[in-house]
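The chain contents come next:
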Amino acid sequence: MADRSTSQESHAGPDNAFTVLADYVALPRIGGLAISADGQALVTSVSTPSADGKKYVSALWQLDPSGAAPARRLTRSAPGESSPVFLPDGGLLFTSKRADPQVTEPDQDHAALWLLPAGGGEARQIAGRPQGIGSVTVAKESGDIFFTAAVTPGSIDAADDERRFKARKDAGVSAILHESYPVRYWDHDLGATQTHVFAGGKLAGRSADPGSDSDRLDEPRDLTIHPGGRITGLTANATGTAVAYVEQRRSGPSAERSVVVVRHATTGDVLLTVEADDADFDEPQFSPDGLSLVCVRGQAGTYDEAPRYTLWQVSLKTGQGHDPAPSFPQWPGSPRFASDGGSIFFVADEQGHSPVFRLDLGDGSVTRLTAFGSHTDIVLAADGRTLYALRSSYREPPTPIELDTVTADQDGGTVPSPADIGALPGTLTEVSTQADDGVPLRAWLALPDGASASTPAPLLLWIHGGPLGSWNAWSWRWNPWLMVARGYAVLLPDPALSTGYGQDFIRRGWGEWGARPFTDLMAATDAACARADIDDSRTAAMGGSFGGYMANWVATHTDRFKAIVTHASLWHLEGFSGTTDAAWYWQEEFGDPLKNMDRYNANSPHLYVGNITTPMLVIHGDKDYRVPIGEGLRLWYDLVRHSVEAKFLYFPDENHWVLTPGHAQVWYETVLAFLEQHVLDRPWKRPELL
């Protein structure tokens, strides 16, 4: 075993945002990044608790790329603002449920499209739809505006949509008639509305007039007269003559595939569809000259082979596509063309990080531009020499940074932002070891201040979800520093099935969740417990989603831990396979249970419930459609009938995640109380609000 320390944050005293849960949930949270055409302004959204503390709302802030000026708040409203995108003239579009003073007094229950003029003045609503506006994109050169919106099936125009929506509401009807699969997605029902793409045209330069209050888009053109499934990833070419988006389409009687659709922005005619029977396509981006498209191609997994993700560049003239980086070993995402079209920037998980890479389309070479951290929201300056992104890691939450487009392994210069978490209550270290088949393994280890051979810290094993994922980016939901502030060390390993270690590393666990992923986790735990500053007699395991599945598997296959916390977890694999919102995805790996039960029987933890002796805390939300509540209910019942010491924290109105500030605080209070009881041998203390 070997371990090495990264560059570490300064140590915090007892008074920091990770000590008091109410202070933690109030920390500002950055998300998204937009850049003006001249490169002189960046805009991000910052989320904080609402005035009543019951939800998070976001406001837009302007950042100075030069770093000379502090961040400046642009918007203020109780409903909040999101989805910022610049017009070529510097005007800023965003969506909000704020009230339009020219139309109605109270705030709306759906989002409209608003404009904050470049020349100053009040923001004003420029477009709305009866059931709200979703994503927004702008053609970089022409300024044409496109957006998505929810529409009631069968509606012929906005007036008809509003009539149908009102009729359902007035009649008290929430029923949905389904004629195809799927019927749900993550946390909401499908079928009551369909997503359409609209071409809104230009504002004809009127947005430059800060005194005007008449700016509104003309009646937007519906480009999806015959809509298909869910639509995401909306983007436009520079001249505004074409749009591309991702559409979910049926693939057989009970499956879906993601396809990229390119439409003419005036006629709505389909110019190109990027699709394959055995692959999904996502995240489309036009080249600067509008002649090609780059996207991500996901080769579907099968019973015998794990999925594989690559870049995919497609000629808009011929429709022919190819992988421009066939030798790149990791899974790329978020591709962006350079301003001259000669290279593509993208991110990919790699060894516990998610760097920014540059692919030179001339010679096919790939350069890693960042040395540390996980990167999202890449935006490119018009000069072609600079890009900006949000960087996070377990050392920092999402932070805006500046990179040049040439230099390898940069640290990146930070851009002043309004989100400050203060100092961390410990240090971050990397632990490495070997699996029992000789494959190298690595993990992050967050250590509390003062941990040493004389005062070793109790250890919490945290297991990531996915399962195709990695512990490489800051998480507000699963934040190890809250535990570290209370004296625990937190181990964040990447076992088999984790991304960032090559295709063979994923194959090691494909279809065998209870095999290599489990032994890898135990090997990483052994490596951490061998350290003098870790107390191997006081350990616990925790996980959510697939991590919850693994926590259940750990509970049924070892008694080495004093407590186990399992959140939104899979328990009965056959039952889960038909009730989850995307059943076909999991059956690609595990097979049809009516024809082959081998993998279900070999990997379903419910079959081993009789082995559990470790106290367990079960947590589940009733609005979780990815791992339905039946999994938590069956697990809880099985534990009770087998007399396992257990508790069940149930959220009637939360989904796969726990999203509200109050519930997040209660979640951590309960988890910490459970761990204190069983790991630290303290009396059980029921959270006050429970």
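To be clear, the structure that these remarks concern was listed above.
Computed from a predicted structure; not experimentally measured. (Residues numbered from 1 in each chain as written. Predicted model: local features only at pLDDT ≥ 70, side-chain atom pairs only at ≥ 80, totals over all residues. Heavy atoms only, no water.)

## Focus on the packing of helix H5 (residues 516–529) against helix H6 (residues 546–557)
Relative orientation and spacing of two packed helices are given, respectively, by the angle between their axes and the distance between those axes. The contact between H5 and H6 brings their axes to 11 Å, and the two run at 75°. Regarding the angle of H5 to H6, the classification is roughly perpendicular. Between H5 and H6, the residues in contact are Pro517, Phe518, Leu521 and Met522 and Met550, Trp553, Val554 and His557, respectively. Per-class residue counts for the contact of H5 with H6 are 7 nonpolar, 1 polar and no charged. (Axes fitted to C-alpha atoms, helices over the stretch in contact; angles between N-to-C directions. Helix = DSSP H or I, 4+ residues; strand = E, 2+ residues; numbered from the N terminus. Parallel < 35°, antiparallel > 145°, perpendicular 65-115°, else oblique. Contact = heavy atoms within 4.5 Å. Nonpolar A, V, L, I, M, F, W, Y, C, P; charged D, E, K, R; others polar.)

## Overview of the side chain of Ser58
Along the chain, the position of Ser58 falls in strand E4 (residues 56–63). When its relative accessible area of 15% is taken as the criterion, Ser58 is described as buried. Polar side-chain contacts of Ser58 include one of 2.5 Å to the backbone oxygen of Glu81. Excluding residues that lie within four positions of it along the chain, Ser58 makes contacts with Ser45, Val46, Ser47, Gly80, Glu81 and Ser82. (Buried < 20%, exposed > 50% of the residue type's maximum accessible area, 1.4 Å probe, protein only. Polar contact = N/O pair within 3.5 Å; in protein donor to acceptor, adjacent residues only side chain to side chain.)

## A look at the packing of aromatic side chains
Summed over all chains, the structure comprises 32 aromatic pairs. The interplanar angle of 35° and the centroid separation of 4.9 Å between the aromatic rings of Trp186 and Trp657 together place this pair among those described as tilted. Here the residue Trp186 occupies a position in the loop between strand E12 (184–185) and strand E13 (188–189), and Trp657 occupies one in the loop between strand E39 (646–651) and helix H11 (661–678), the gap between them amounting to 471 residues. A relative accessible area of 34% places Trp657 in the partly exposed class. (Phe/Tyr/Trp six-rings, centres within 6.5 Å; stacked < 30°, edge-to-face > 60°.)

## Looking at the sheet that holds strand E21 (residues 292–299)
Ordered by their spatial adjacency, 4 strands build an open sheet running E20-E21-E22-E23, and the pairing between neighbours is antiparallel. Pairing within the sheet leaves two strands with one partner each, and these edge strands are strand E20 (279–286) and strand E23 (321–322). Bridge count for strand E22 (residues 308–315) against E23 is 2 bridges, and the pairing is antiparallel. Its bridge partner lying in E23, Gln313 is registered against His322. (Pairing = 2+ DSSP bridges.)

## Quick look at the pairing of strand E38 (residues 616–621)
In terms of residue burial, E38 counts as a mostly covered element, since 6 of its 6 residues are buried. Burial along E38 is two-sided: the face carrying Met616, Val618 and His620 and the face carrying Leu617, Ile619 and Gly621 are both buried. Here 6 bridges tie E38 to E39, and the two strands are oriented parallel to one another. Directly across from Leu617, in E39, lies its bridge partner Lys647.

## Let's talk about helix H10 (residues 629–641)
In this model H10 runs 18 Å from its N-terminal to its C-terminal C-alpha over 13 residues, within 8% of the 18 Å that 1.5 Å per residue would give. Within H10 the residues assigned to the buried category are Ile629, Glu631, Gly632, Leu635, Asp638 and Leu639. Ser643, located one to two residues past H10, shows a positive phi value of around 60°. (Expected span 1.5 Å × (residues − 1).)

## Examining the side chain of Thr235
Within the secondary structure, Thr235 sits in strand E16 (residues 231–236). In this view, Thr235 contacts Thr137, Val243, Ala244, Pro284, Gln285 and Phe286; residues no more than four positions away in its chain are not counted.

## Some words on the sheet that holds strand E5 (residues 72–73)
If you walk across this open sheet you meet the 4 strands as E2-E3-E4-E5, and the pairing is antiparallel. Two strands close off the open sheet at either side, each with one partner strand: strand E2 (29–35) and E5. Bridging between strand E3 (residues 42–49) and E4 involves 8 bridges; their strand directions are antiparallel. When the sheet's bridge partners are listed, Val43 is paired in E4 with Gln62.

## Describing the environment of Gly201
Among the secondary structure elements, Gly201 is positioned in strand E14 (residues 194–201). Relative accessible area serves as the criterion here: at 15%, Gly201 is assigned to the buried category. Along the primary structure Gly201 and Val490 are separated by 289 residues, whereas in three dimensions their C-alpha atoms are 52 Å apart.

## Observations concerning the pattern of salt bridges
Enumeration according to the criterion identifies 29 salt bridges in this entry. Arg249 is the salt-bridge partner of Glu247, the closest N and O atoms lying 2.7 Å from each other. Residue class for Arg249 comes out partly exposed when judged on its relative accessible area of 27%. Across the pair Arg257 and Glu588 runs a salt bridge whose closest N-O atoms are separated by 2.5 Å. Placement of the pair is Arg257 in strand E18 (residues 256–264) and Glu588 in helix H8 (residues 583–590), with a sequence separation of 331 residues. What makes Glu588 buried here is its relative accessible area of 17%. Taken together, the shared-partner salt bridges in this structure form one network comprising Asp436, Asp437, Arg508, Arg516 and Asp520. (Salt bridge = Lys/Arg side-chain N within 4 Å of Asp/Glu carboxyl O.)

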